[in-house]
Amino acid sequence: MPDAVAIVLAAGTGERLGLQAPKAFVPLGGRPILARAVSAALACPSIDLVVVTAPPGSEDLAHAIVEPLGAHAVVTGGATRHASVRAGLAVVPEEASTVVCHDAARALASPALFEEVLDALPGWDGVVPAVPVSDTVKRVRDGAVVRTEPRDELALAQTPQAFTTSALRGAHARAAAAGLEFTDDAAALEWAGYRVRVVPGEPGNFKITTVADVLRAEHLLVEAGGG
Ligand code: CTP
Ligand code: MG
């Protein structure tokens, strides 16, 4: 019986990165972003299956990249991140009690972070890793500052995020019925009234969005000697 299943979201086009290949196939230190994200998930002993959402038309390539890494399934992603999560959830085995959602674009998340969100889940519906905000944050409307937000209560959310399967399915079903889209899965649970806990994220676990992020990640990998 699967213990925890990871859904690795990799179906985006990477428009802001602006390369020809979808972002998940772009190499970092010679290894595709997708391979790095899936390896980190499967290195976590509690995760015994990874479901990858692939860009439509690139399912075979996703399969070829993930095949040597371990147990996996590839599904065709949707037009939005949320649609991709729903496509992934559709193949999560009924008996899996826990699902971890992870953005392939966070290719530098450590296996330890997967373990930490899973360890923190008992007694909660979801766990999100987050890092403190170091800049001063202004709420801005029509070019004018409305106010400065107190920074000590703000945090920047990352993935991997761990959920009980029933809460994740419930929150997504309700969000879909209401026609709502959220930028992460924890937000769907928060909206639906589930209890979401925060654990410390990793400063190096930034989302690869632009070419500058690729260069930063390559630099970190060289420094770590991880190639
Ligand atoms: N994602 C997905 N399905 C989508 C859109 C996004 O599975 N329809 C995934 C991406 O592959 C990525 C993660 O969700 O790993 C976070 O999305 P983002 O960083 O925005 O990636 P892209 O949508 O690919 O990038 P952009 O918004 O610049 O096009
Ligand atoms: Mg996107």
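See the structure shown above.
A.B. asks: Help me understand the overall build of the protein in this model?
C.D. replies: If you tally the helices and strands in the protein, you get seven helices and twelve strands. Taken against the 2.2 N^0.38 rule, which gives 17 Å for 227 residues, the C-alpha radius of gyration of the protein at 17 Å falls within 12% of a compact globule. Dimensions of the protein, computed from the C-alpha atoms along their principal axes, are close to 50 × 40 × 30 Å. Taken across its 227 residues, the protein has 48% of its residues classed as buried. Long-range pairs, those at least 24 residues apart, make up 70% of the contacts in the protein between residues at least 6 apart in sequence.

A.B. asks: Mind showing me how you'd approach the pairing of strand β11 (residues 161-164) here?
C.D. replies: On a regular strand, each side chain points to the face opposite its neighbour's, so the side chains alternate between the two faces of the sheet. Across four bridges, strand β6 (residues 98-103) lies against β11 in antiparallel orientation. Bridge assignment links Cys-101 to a residue of β11, and that residue is Gln-161. Where strand β7 (residues 126-132) and β11 come together, two bridges link them in antiparallel fashion. Looking at β11, one finds that Val-127 is bridged to Ala-162.

A.B. asks: Got a minute to help me understand the nonpolar core in this structure?
C.D. replies: A general feature of soluble globular proteins is that nonpolar side chains tend to end up buried together. Residues Leu-28, Leu-34, Ile-47, Val-50, Val-52, Phe-114 and Ile-208 are the most contacted members of the largest nonpolar core, which totals 42 residues. Looking at this core, the elements that each hand over two or more residues are β1 (4-9), α1 (33-42), β4 (47-54), α2 (59-66), α4 (111-119) and α7 (211-224). Examining the composition of this core, we find that seven residues originate from one element, α1, more than from any other. Counting residues in each nonpolar core, the second largest holds 24 residues, with Ala-96, Val-99, Phe-163 and Leu-168 among its members.

A.B. asks: What is the right way to read α4 from this model?
C.D. replies: Working note: α-helix, 3.6 residues per turn, so residues spaced by three or four point in the same direction. Looking at α4, one finds that the buried residues are Leu-113, Phe-114, Val-117 and Leu-118. Buried residues along α4 cover an arc of 135° about the axis, so they all sit on one side.

A.B. asks: It is not clear to me how the pattern of salt bridges should be interpreted in this structure. Could you clarify?
C.D. replies: Two side chains carrying opposite charge are able to pair once their charged atoms lie near each other. Under the defined criterion, the tally for this structure stands at four salt bridges. Measuring nitrogen to oxygen at the nearest pair gives 3.0 Å for the salt bridge that ties Asp-185 to Arg-81. Pair noted here: Asp-185 is in helix α6 (residues 185-192) and Arg-81 is in helix α3 (residues 81-89), with a separation of 104 residues, a long-range link. Residue classification places Asp-185 among the buried residues on the basis of a relative accessible area of 0%. A salt bridge links Arg-147 to Glu-149; the nearest nitrogen and oxygen atoms lie 3.3 Å apart. Connected through salt bridges with shared partners, the residues Arg-81, Asp-103 and Asp-185 form a single ionic network.

A.B. asks: Looking at this structure, how should I read α7?
C.D. replies: Between its first and last C-alpha, α7 extends 20 Å over 14 residues, near the 20 Å set by a 1.5 Å rise per residue. Within the span of α7, buried status applies to Asp-213, Val-214, Ala-217 and Leu-221. Take α7 and look down its axis: the buried residues cluster within an arc of 100°, on one side only. Exposed side chains of α7 directed beyond 90 degrees from the buried face belong to Ala-212, Leu-215, Val-222 and Glu-223. Considering only its buried residues, α7 is in contact with β2 (27-28) and α1. At the exit of α7 stands Gly-225, carrying a positive phi of roughly 70°.

Here is what the cut-offs are and how they apply
- Residues numbered from 1 in each chain as written.
- Chains lettered and ligands numbered in written order.
- Predicted model: local features only at pLDDT ≥ 70, side-chain atom pairs only at ≥ 80, totals over all residues.
- Heavy atoms only, no water.
- Helix = DSSP H or I, 4+ residues; strand = E, 2+ residues; numbered from the N terminus.
- Rg over C-alpha atoms; globule rule 2.2 N^0.38 Å.
- Buried < 20%, exposed > 50% of the residue type's maximum accessible area, 1.4 Å probe, protein only.
- Contact = heavy atoms within 4.5 Å.
- Pairing = 2+ DSSP bridges.
- Core = buried A, V, L, I, M, F, W, Y, C linked by side-chain atoms within 4.5 Å.
- Arc of directions from axis to C-beta.
- Salt bridge = Lys/Arg side-chain N within 4 Å of Asp/Glu carboxyl O.
- Expected span 1.5 Å × (residues − 1).

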